[in-house]
Amino acid sequence: MNRSKSFDNSKPLIYLIATPIGNLGEMSKRALDVLQDMDIIAAEDTRNTFSLLSNFGIKKELFSLREHNEIEASEHLIKLAKSGKKVAYVSDAGYPGISDPGYLLVKKAREEDVAVSTISGSCAFINALVASGLPTNHFYFYGFLSKKGQEAKKALEELSNRNETLIFYESPHQIEETIKLLNSVLGDRECVIARELTKINEEYISGKLSELVNLDFKTIKGEMVIILEGQPKSDNEISDEKIQDKIRFYLSLGVSEKAAIQIAVEELKVPKNRVYKLVQEMK
Ligand code: SAM
């Protein structure tokens, strides 16, 4: 067992700092204050971080911690923290460790009894998910599919029975192949492509995969996240009790009976007359 408190200075500490995914207005005051207070900052791409910090008038010693040197650079950062230096890690955008380097650093730090604390900020898939209109209560973040078609297909086959909303990161070069692959392996499902989040060209494109395969992909540029409906549960897999629990939950929030029925129908994908009958039984 290991316990570490982030604010009592009893252990060396490394900050993981989330940075904007496009819009500099999302750099928090807390992130700036902590960065300003650091002795040394490790960065996925030092040029990128240099330019980010310059925007805010911050000048610090930087060194590179990227995928190809993650182990050695992590050891170096941990050594610096242990020697009493104030240190932080930032990736190119969003949270370190989310489809970015950071996990190995944190694992090693925790093994060596160095505390780790996260400074909150933007994360591309959270923005995309919450505005997608697809269920947010349970989701499965996959990240990038393999660029090799057969490997991507195998991964999707393994995901095909998951009921949670599925989340993928994607690049503009690969989006057409990926949408076509999703349609062929997982069948026709609701899908949202969220692109250029927080930037001037931010756009959400939603529809069935069978519609999205016909997109003019030349117009789908920039960074993007794919949010995909999970495998719908078949009606008889959902117990009467579960439906009634859902209704009770929404009624307890003060939602009207009519609205609670509608929400249960949409979330559980069960026929309205079944939900209506169960509501009458609850009275
Ligand atoms: N660490 C980041 C995070 O917390 O979201 C993710 C970094 S990953 C290397 C880059 C991928 O994140 C992009 O290919 C894209 O799928 C997604 N992404 C990053 N910024 C985005 C944005 N502004 N709009 C849409 N997707 C974005």
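Residues numbered from 1 in each chain as written. Predicted model: local features only at pLDDT ≥ 70, side-chain atom pairs only at ≥ 80, totals over all residues. Heavy atoms only, no water.

Let us look at the site of the ligand. Neighbouring the ligand are 19 residues; Tyr95, Ile98, Tyr169, Leu197 and Met224 lie closest to it. Interatomic distance of 2.9 Å between a backbone N/O atom of Ile21 and a nitrogen atom of the ligand. When the ligand is considered free in solution it has 580 Å² of accessible area, and contact with the protein chains removes 91% of it. For the shell around the ligand, the secondary-structure elements that each account for two or more residues are strand E7 (165-170) and strand E10 (224-228). Class assignment for the residues of the shell around the ligand results in twelve nonpolar, two polar and five charged. Each of domain 1 (13-122) and domain 2 (125-231) contributes no fewer than three residues to the shell around the ligand. (Near = heavy atom within 4 Å. Polar contact = N/O pair within 3.5 Å; in protein donor to acceptor, adjacent residues only side chain to side chain. Areas by Shrake-Rupley, 256 points an atom, 1.4 Å probe, with all protein chains shown as cover. Helix = DSSP H or I, 4+ residues; strand = E, 2+ residues; numbered from the N terminus. Nonpolar A, V, L, I, M, F, W, Y, C, P; charged D, E, K, R; others polar. Domains from an automatic or database assignment.)

What follows covers the packing of aromatic side chains. Scanning all chains against the criterion turns up seven aromatic pairs. Taking 4.3 Å as the distance between ring centres and 20 degrees as the angle between the ring planes, the aromatic pair formed by Phe125 and Phe141 counts as stacked. One end of the pair, Phe125, is in helix H5 (residues 124-130); the other, Phe141, is in strand E6 (residues 139-144), and 16 residues separate them in sequence. Assessed through its relative accessible area of 8%, Phe125 is described here as buried. Joined through ring pairs, the aromatic side chains of Phe125, Phe139, Phe141, Phe144 and Tyr169 make up one cluster. (Phe/Tyr/Trp six-rings, centres within 6.5 Å; stacked < 30°, edge-to-face > 60°. Buried < 20%, exposed > 50% of the residue type's maximum accessible area, 1.4 Å probe, protein only.)

It is worth spelling out unusual backbone geometry at this point. One non-glycine residue, Asn9, lies in the positive phi region at around 55 degrees. Relative to the helices and strands, Asn9 is located in the segment before strand E1 (13-17). At Glu196, a residue that is not glycine, the phi angle is positive and equals roughly 55 degrees. Relative to the assigned elements, Glu196 resides in the loop between strand E8 (190-195) and strand E9 (203-208). Judged by relative accessible area, Glu196 falls into the buried class, the value being 13%.

A separate point is helix H2 (residues 46-55). Within H2, burial applies to Thr49, Leu52 and Leu53. Here the buried residues of H2 occupy an arc of 95 degrees about the axis, which is enough to place them on one side. Contacts from the buried residues of H2 go to helix H1 (29-37), strand E2 (40-43), strand E3 (61-64) and strand E4 (87-90). The distance from a side-chain oxygen at the start of H2 to the backbone nitrogen of Arg47 is 3.0 Å, and the residue carrying that oxygen is Asp45. Backbone geometry just downstream of H2 places Gly57 in the positive-phi region, at approximately 70 degrees. (Arc of directions from axis to C-beta. Contact = heavy atoms within 4.5 Å.)

What follows is about the pattern of salt bridges. Counted under the stated rule, the structure contains 20 salt bridges. Here Lys153 ties to Glu157 by a salt bridge, and the two come within 3.4 Å at their closest N and O atoms. Pair noted here: Lys153 and Glu157 are both in helix H6 (residues 149-159), with a separation of four residues, about one helical turn. On the basis of relative accessible area, Lys153 is assigned to the partly exposed category, the value being 32%. Within this structure, Lys82, Lys108 and Glu112 form a network of salt bridges that share partners. (Salt bridge = Lys/Arg side-chain N within 4 Å of Asp/Glu carboxyl O.)

Mapping Met38 onto the fold places it in the loop between H1 and E2. Met38 sits in the buried class, given a relative accessible area of 3%. Once you skip the residues sitting within four places of it in the chain, Met38 turns out to touch Tyr15, Lys60, Lys86, Val87 and Ala88.

The strand order E3-E2-E4-E1-E5 describes an open sheet built from five strands, whose pairing is parallel. Each having just a single partner strand, E3 and strand E5 (115-119) make up the two edges of the open sheet. Here the average twist between neighbouring strands, direction ignored, is 25 degrees. Sheet analysis places E2 next to E4, joined by four bridges and oriented parallel. By the bridge assignment, Ala42 is partnered in E4 with Tyr89. Packing against the sheet, helix H4 (residues 103-111) makes contact with E1, E4 and E5, and its axis sits at approximately 160 degrees to E1. (Pairing = 2+ DSSP bridges. Axes fitted to C-alpha atoms, helices over the stretch in contact; angles between N-to-C directions.)

With respect to the helices and strands, Glu44 occurs in the loop between E2 and H2. In this structure, Glu44 is buried with no salt-bridge partner, the nearest side chain bearing the opposite charge being Arg66 at 8.6 Å. Here the side chain of Glu44 touches Asp92 through a polar contact of 2.8 Å, landing on its backbone nitrogen. If near-sequence neighbours (up to four positions away) are discounted, Glu44 is found in contact with Ser64, Leu65, Arg66, Tyr89, Val90, Ser91, Asp92, Asp100 and Pro101. (Lys, Arg positive; Asp, Glu negative; His and termini not counted.)

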